[in-house]
Amino acid sequence: MRARIGCLLGAIARVGFVCGATFAQEASITLDPTSGPAETELMAGGTDFTETSCGVDLYLDATDGTLLAKAQLEQGAFSATFVVPTDATVGEHTVIAVGLDLDGDDCSMPSGEQASAPFTVEEPQPMLTLDPATGPPASLFFARGEFFDDDSCGVDLYLDWA
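Note that the structure is predicted; figures quoted are calculated from it, not measured. (Residues numbered from 1 in each chain as written. Predicted model: local features only at pLDDT ≥ 70, side-chain atom pairs only at ≥ 80, totals over all residues. Heavy atoms only, no water.)

Asks: Explain the pairing of strand S7 (residues 41-47) here, please?
Replies: Sheet faces and side chains relate simply in a regular strand, where the side chains alternate between the two faces. A one-sided burial pattern is seen for S7, the buried positions being Leu-42, Ala-44 and Gly-46 and the unburied ones Glu-41, Met-43, Gly-45 and Thr-47. Note that strand S5 (residues 28-32) and S7 share 5 bridges and pair antiparallel. Bridging from a neighbouring strand, Thr-30 pairs with Gly-45 of S7. Sheet topology places S7 next to strand S10 (residues 78-83); 6 bridges connect them, and they run antiparallel. Within S10, the residue paired with Met-43 across the bridge is Thr-81. (Buried < 20%, exposed > 50% of the residue type's maximum accessible area, 1.4 Å probe, protein only. Helix = DSSP H or I, 4+ residues; strand = E, 2+ residues; numbered from the N terminus. Pairing = 2+ DSSP bridges.)

Now the structure itself:
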């Protein structure tokens, strides 16, 4: 949002004048969550983009990098949901929102406005799924494990009947 406090010059009962200033809030984005493994679903919310802009493009790490999502701006704000790319490396990354203006009928011309927020890609946690997850005694089930150490030579499964 942009605001202007006007300057009032002249005779205010011949006492003097009152003068204000112009200020503008910079565009910003927030991410939820702010960390997780690749393939994490993220919610991005942005505010204080120029109200005349029509949308934003969301990128990972650089404006010529991976396009994560596109979102429309309404009164300078947006929300978007996207998934962290599978090939995102473990470590610190930046999600960048680039404001867009109309180029004819197409909302695609960068407006010059940008905002960014950090996201940390974490190692995925080992996970075990059973299919079916429940059943009577002597039922057959399929066990699937993911994200175990590459150095593992096998996994032992133990059932707790308690």
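Asks: Would you take a moment to explain the packing of aromatic side chains for this structure?
Replies: Each pair of aromatic rings is reported with the distance of its centres and the angle of its planes. Here the structure, examined in full by the defined rule, presents 1 aromatic pair. With 5.9 Å between their ring centres and 65° between their planes, Phe-49 and Phe-78 make a pair best called edge-to-face. With a gap of 29 residues between them, Phe-49 in the loop between S7 and strand S8 (55-60) and Phe-78 in strand S10 connect regions that are remote in the sequence. (Phe/Tyr/Trp six-rings, centres within 6.5 Å; stacked < 30°, edge-to-face > 60°.)

Asks: What should I look at first to understand the environment of Val-84 in this one?
Replies: The residue Val-84 is located in the loop between S10 and strand S11 (91-103) in this model. A sequence separation of 43 residues divides Val-84 from Glu-41, and the C-alpha atoms of the two residues are 6.5 Å apart. With residues up to four places along the chain from it excluded, the contact list for Val-84 reads Pro-37, Ala-38, Glu-39, Thr-40, Leu-42, Phe-119 and Val-121. (Contact = heavy atoms within 4.5 Å.)

Asks: Looking at this structure, I do not really get the nonpolar core. What am I missing?
Replies: Inside soluble globular proteins, nonpolar side chains tend to come together where they are buried. Ile-29, Phe-49, Leu-58, Phe-78, Phe-82, Val-95 and Phe-119 are the most contacted members of the largest nonpolar core, which has 24 residues in total. Of all the secondary-structure elements, those providing two or more residues to this core are S5, S7, S8, strand S9 (66-72), S10, S11 and strand S12 (106-121). In contact with Phe-119, other than residues within four places in its own chain, are Leu-31, Pro-33, Thr-34, Ser-35, Gly-36, Thr-40, Leu-42, Val-84, Gly-91, Glu-92, His-93 and Val-95. (Core = buried A, V, L, I, M, F, W, Y, C linked by side-chain atoms within 4.5 Å.)

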